[in-house]
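One letter stands for each residue in the lines below.
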Amino acid sequence: MTTTENVRSEEKFVPIQTRSERPSSFEPADFETPTGREVNWKHSDLKRLAPLLVDEATENIGHDGIRYGVEAIDAAGVLVESTGHEAAVRGEVFTPEDLPAAIAWKQCSNALHIQIPEGKSIDEPLVARLEGLGADIHANAHIIVEALPGSQSTVVLHHTGSAAYAQNVEIIVRDGARLNFISVQDWEDDTVHASAHQARVDSDAYLKHMVVSFGGGAVRVNPSVRLHGTGSETEMYGLAFADSGQHMESQVFMFHEGENTTGNVLYKGALQGKGARYVWIGDVLIGEGANGTDSYEKNQNLVLTDGTRADSIPNLEIKNGNIEGAGHASATGRFDDEQLFYLRSRGIPEDEARRLVVVGFLMEIVQKIGIDEIETRIEALIQEELAAGASLAPAAKAGA
């Protein structure tokens, strides 16, 4: 074997460590079936996600298996036709980075394309209600949200019902646009859901990206935001509540590419019940040309009972030292004893005090949604989760 062949052989077996090195392709055959040893799969529930890893020929040319309620979006006149893989805009930003995303791209010929007209401000949120029609139905989707220059809007994907659902979401925020994007996973417990979000934010544009996950058996929502244009900005928020046997996961990527970009990431998780698991991996890349970057990411997890597991892994890759600042933080633990003592010293019973601490911890994210209907629904879900918990006794030790 030649020296060159030796190098290639060694490279083949060197695991990919940094987020920016991961391969991408539109062809499912270019991705091997995950084994659980890969850096982007080793914390995932591969057993339950298995139906989304099979590239089976189907008659699905759109979104079969999911009932789409898009009345408000249709009434606003912002739905545009997107037929075929070569349709305009589709693939401008999105390239699959794992097997489920590549399969979803291939199997879904027609995309749901929401386009906010140039210079238009839409005050009412545009809500797409996506209802799964059965956990035994494998559905694939490609969704495009495009905010044209100078536009302002809020787009919500609200998922309910049961499904085995692979979903790609392509978000384009063009020059000077402001977009609030919210994805709510309110599934039944038999759902498996893998969703890849890829966004590009252009010059002087702003994206608020939010992921809220409560329902589902195994839910993996991985958002990626590329701050491409000068002066672009993003805020990325996430909230997950994992009950007994539930697996919630988000692998977040924020790429500072343009100059003078600003990014802030805050994800929170709560876990209760045996086998509840929450995985958060946060990767930030500051590119070589990203002068003036201001970047921060944080993940906080609250462990309510024993038998849970939280994985919190922040990563920061800096290729340019001429920046305003960059940092990250991560914390996983049980109740704050000082907060509990304060509440109990004022006559509040212990169970009620614990409930107030949890609600206060999670509502920091909920209140950033800015839509009363959704905030009320999420707060009700938090209360339901806490009421369903067998015990709110503090965990003996924090999750790892």
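Just above, that's the structure.
Quick caveat: nothing in here was measured; it's all calculated off a predicted structure. (Residues numbered from 1 in each chain as written. Predicted model: local features only at pLDDT ≥ 70, side-chain atom pairs only at ≥ 80, totals over all residues. Heavy atoms only, no water.)

Caption draft 1: Representation of the nonpolar core within the structure. The biggest cluster of nonpolar side chains holds 52 residues, and the ones touching the most others in it are I143, Y165, I171, V173, L179, F181 and L207. With near-sequence residues (within four places) excluded, I171 lies in contact with V93, V145, L179, F181, Q198, A199, R200, L207 and H209. Of all hydrophobic cores here, the second largest spans 28 residues; its members include V156, M210, L381 and I382. (Core = buried A, V, L, I, M, F, W, Y, C linked by side-chain atoms within 4.5 Å. Buried < 20%, exposed > 50% of the residue type's maximum accessible area, 1.4 Å probe, protein only. Contact = heavy atoms within 4.5 Å.)

Caption draft 2: Representation of the packing of aromatic side chains within the structure. Within the structure shown, the criterion is met by 5 aromatic pairs. Taking 6.5 Å as the distance between ring centres and 45 degrees as the angle between the ring planes, the aromatic pair formed by Y267 and W280 counts as tilted. Remark: W280 occurs in strand β13 (residues 277–286) and Y267 occurs in strand β12 (residues 262–271); sequence separation between them is 13 residues. Judged by its relative accessible area of 1%, Y267 is buried. Overall, W280 belongs to the buried group, its relative accessible area being 0%. Across the ring face of Y206, the terminal group of R178 is positioned such that the distance to the ring centre comes to 4.2 Å. Across from the ring centre of F361, 4.3 Å away, lies the NZ or CZ of K268, which sits over that ring. (Phe/Tyr/Trp six-rings, centres within 6.5 Å; stacked < 30°, edge-to-face > 60°. Helix = DSSP H or I, 4+ residues; strand = E, 2+ residues; numbered from the N terminus. Lys NZ or Arg CZ within 6 Å of the ring centre and 35° of its normal.)

Caption draft 3: Broad picture of the side chain of H247. Locating H247 in the fold gives a position in strand β11 (residues 247–256). Here E249 takes part through its side chain, which lies 3.2 Å from a polar atom of the side chain of H247. Setting aside residues no more than four positions away along its own chain, H247 makes contact with H43, S44, D45, R48, G217, A218, V219, R277 and V279. (Polar contact = N/O pair within 3.5 Å; in protein donor to acceptor, adjacent residues only side chain to side chain.)

Caption draft 4: Just the pairing of β12, in detail. For β12, the tally of buried residues reaches 8 of 10 residues, placing the bulk of the element in the interior. By the bridge criterion, 10 bridges tie strand β10 (residues 233–242) to β12 in an arrangement that is parallel. Residue pairing across strands places E233 opposite T262, the latter belonging to β12. In this structure, β12 lies alongside strand β14 (residues 294–303), joined through 10 bridges in parallel fashion. Residue K268 lies in a different strand from β14, and its bridge partner there is Q300. (Pairing = 2+ DSSP bridges.)

Caption draft 5: Seen up close, the environment of R309. With respect to the helices, strands and loops of the structure, R309 is situated in strand β15 (residues 309–318). Sequence-wise, R309 and T332 are 23 residues apart; in three dimensions their C-alpha atoms are separated by 9.7 Å.

Caption draft 6: Representation of the pattern of salt bridges in the model. Tallied over the entire structure, the rule returns 17 salt bridges. When the shortest N-O distance is used, the salt bridge between R174 and E92 registers 2.9 Å. Of the two residues, R174 is situated in the loop between β5 (152–173) and β6 (178–185) and E92 in the loop between β2 (79–80) and α4 (99–107); the sequence distance between them amounts to 82 residues. Via salt bridges that share partners, E92, E146, R174, R200 and D202 belong to a single interconnected network. (Salt bridge = Lys/Arg side-chain N within 4 Å of Asp/Glu carboxyl O.)

Caption draft 7: Layout of unusual backbone geometry. In the Ramachandran plot, D204 falls in the positive-phi region, its phi being about 55 degrees despite a non-glycine side chain. Residue classification places D204 among the exposed positions, given a relative accessible area of 58%. Residues other than glycine seldom take positive phi values, yet N260 does so here, at roughly 55 degrees. Along the chain, N260 falls in the loop between β11 and β12. Here N260 falls in the partly exposed class, since its relative accessible area comes to 44%.

Caption draft 8: Main features of α4. With 8 of 9 residues buried, α4 lies mostly within the body of the structure. In this fold, the buried residues of α4 make contact with β4 (126–147), β5 and β7 (192–201). Among the residues of α4, the N-terminal cap falls to D98, whose side-chain oxygen and the backbone nitrogen of A101 are separated by 3.0 Å.

Caption draft 9: Focus on the packing of helix α6 (residues 350–366) against helix α7 (residues 372–388). The geometry of α6 relative to α7 is characterised by a closest axis approach of 11 Å and an angle of 150 degrees between their N-to-C directions. Judged by the inter-axis angle, α6 sits roughly antiparallel to α7. The hand of the α6/α7 crossing is right-handed. Judged by residue contacts, R355, V358, V359, L362, M363 and V366 of α6 engage E375, I378, E379, I382, Q383 and L386 from α7. Among the residues forming the contact of α6 with α7, the class breakdown is 8 nonpolar, 1 polar and 3 charged. (Axes fitted to C-alpha atoms, helices over the stretch in contact; angles between N-to-C directions. Parallel < 35°, antiparallel > 145°, perpendicular 65-115°, else oblique. Left-handed = near helix turned anticlockwise from the far one by under 90°. Nonpolar A, V, L, I, M, F, W, Y, C, P; charged D, E, K, R; others polar.)

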